[in-house]
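Commentary on secondary and tertiary structure
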Amino acid sequence: MLIVHCPVCGAEGDETDFHYGGEAHVARPATRDPADVSDAQQRDYLFMRHNPKGLHFERWRCDRGCGKWFHAARDTMTMEFKATYGIGELPPRELMKAATGEWAEFFKDKLAKGRKA
Amino acid sequence: MSDAQFESALQSREKPTGLSVELRERTSRGMIDLRGLPDDPQFMAAVKQTLTLDLPTAPRTSTAWGDIQALWLSTDQWLILCPRARTEELLSALRQALQGIHSFAVDVSDMRTIIRLEGDQARPLLLKGSSLDLLSADYEAGTVRRLRFAEIAALLHIVSQKPDVIDLYVFRSYADYAWDWLLANGRVVAEVRQFGKQASPAV
Ligand SMILES: [Zn+2]
């Protein structure tokens, strides 16, 4: 059983009180004209997801509590929740540093900048 | 054409006997779903002026003034309880006061059914359907908690303690199910301790 902590209302409970919402930090390709988005970009945005062994970043919803979305850093091997953080935020710095593979690549320039998503 | 008449979801059910708790439906409460931003002083002032109470801003709490209560549902959502007959009047007063303020108020009196549980077995009974540690000190009088109860969405309001009075809110369409669940599980006095030390089972 996963024990999840909502960073918005502070509710704690097992995963049945929460709802998993897919991968975190998926950014829609920004453009003024949809025709400027390449098929490859659109494909990556819609379908391509990381599948890391170890530290992973996800969206969760406080389904039966306050109803708000938030972010979670979870270890896919131990199932341990390393942190939960706001939906508009990046993970704590130490977790961005601890990320490996594609996530490490993703957080590289964000670590160089400030903490705002 | 006749006016719509309120019929409670559980009015055809008999008063249960032989249960470990006292069980009844509360039909006298009107409910208003209120949304707005707690950090907007205009919103908070308009609500206070209309309901004479401060909306609770701490998660899972409630406030009351006379026969009006405000239950915290989310960071921007409250359930206002009032006498059913006063719902319309309060709703229009709220809408009047909230004009031009980013907010939302709607009558949801018939959206949920309130089942009141009374007695010291109320918590152990509810424990059987949830993953919350209802026996912990966190769940004192005034606490409001939305939860997954017996696989359905529900809301708990600890009305008072010693002896426990707890209101269980379920969506109206689940009223029969929740009532039957409470009947089925409320017959036997069973000590459930999901959290903390448990006695080892007899071998
Ligand atoms: Zn929450």
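Residues numbered from 1 in each chain as written. Chains lettered and ligands numbered in written order. Predicted model: local features only at pLDDT ≥ 70, side-chain atom pairs only at ≥ 80, totals over all residues. Heavy atoms only, no water.

**Things to note about the overall build of chain A**
Looking only at helices and strands, chain A features three helices and six strands. Put simply, chain A runs from its N terminus to its C terminus through helices and strands in the order β-β-β-α-β-β-β-α-α. Taken along the three principal axes of its C-alpha coordinates, chain A extends 45 × 30 × 25 Å. A burial count over chain A gives 39% of its 117 residues as buried. Intrachain contacts of chain A at a sequence separation of at least 6 include 47% that bridge at least 24 residues. Looking at chain A, you have 18 positive and 18 negative side-chain charges, and the mean spots of the two groups are 5 Å apart. (Helix = DSSP H or I, 4+ residues; strand = E, 2+ residues; numbered from the N terminus. Buried < 20%, exposed > 50% of the residue type's maximum accessible area, 1.4 Å probe, protein only. Contact = heavy atoms within 4.5 Å. Lys, Arg positive; Asp, Glu negative; His and termini not counted. Charge placed at Lys NZ, Arg CZ, Asp CG, Glu CD.)

**A look at the packing of aromatic side chains**
Enumeration according to the criterion identifies 11 aromatic pairs over all chains in this entry. Plain terms: the ring middles of Trp60 of chain A and Phe81 of chain A are 5.5 Å apart, the flat faces sit at 70° to each other, and that makes the pair edge-to-face. Placement of Trp60 of chain A in strand 4 (residues 55-61) and of Phe81 of chain A in strand 6 (residues 81-86) is noted, with a sequence separation of 21 residues between them. Relative accessible area serves as the criterion here: at 15%, Phe81 of chain A is assigned to the buried category. Considering the side-chain rings of Tyr174 of chain B and Tyr177 of chain B, the 6.5 Å spacing of their centres and the 70° angle between planes classify their relative orientation as edge-to-face. Here Tyr174 of chain B falls in the partly exposed class, since its relative accessible area comes to 38%. What makes Tyr177 of chain B partly exposed here is its relative accessible area of 34%. Each residue in the set Phe57, Trp103, Phe106 and Phe107 of chain A is aromatic and connected to the rest through ring pairs, giving one cluster. We note Lys110 of chain A situated over the ring of Phe106 of chain A; from NZ or CZ to the ring centre the distance is 4.1 Å. Looking at Arg84 of chain B, its charged tip hangs above the ring of Phe6 of chain B, at a distance of 3.5 Å from the centre. (Phe/Tyr/Trp six-rings, centres within 6.5 Å; stacked < 30°, edge-to-face > 60°. Lys NZ or Arg CZ within 6 Å of the ring centre and 35° of its normal.)

**Re the interface of chain A and chain B**
On the side of chain B, 16 residues touch chain A, which itself brings 12 residues to the contact. Residue Asp17 of chain A is joined to Arg145 of chain B by a salt bridge in which the shortest nitrogen-to-oxygen separation is 3.9 Å. On the surface where chain A and chain B come into contact, there are eight residue pairs in polar contact (both at pLDDT 80 or more). Tallied by class, residues from the side of chain A that touches chain B come to four nonpolar, three polar and five charged. (Salt bridge = Lys/Arg side-chain N within 4 Å of Asp/Glu carboxyl O. Polar contact = N/O pair within 3.5 Å; in protein donor to acceptor, adjacent residues only side chain to side chain. Nonpolar A, V, L, I, M, F, W, Y, C, P; charged D, E, K, R; others polar.)

**Some words on the pairing of strand 5 (residues 77-83) of chain B**
Residues and elements named next belong to chain B. With seven of seven residues buried, strand 5 is to be regarded as a mostly interior element. Two strands pair when backbone bridges link them, and strand 2 (residues 29-36) and strand 5 are joined in this way by seven bridges, in the antiparallel orientation. Across the sheet, the residue bridging to Ile32 is Ile80, located in strand 5. Both strand 4 (residues 68-74) and strand 5 contribute to a ladder of five bridges, which runs antiparallel. Across the sheet, the residue bridging to Gln69 is Leu81, located in strand 5. Counting the residues in the hairpin turn of strand 4 and strand 5 gives two residues. (Pairing = 2+ DSSP bridges.)

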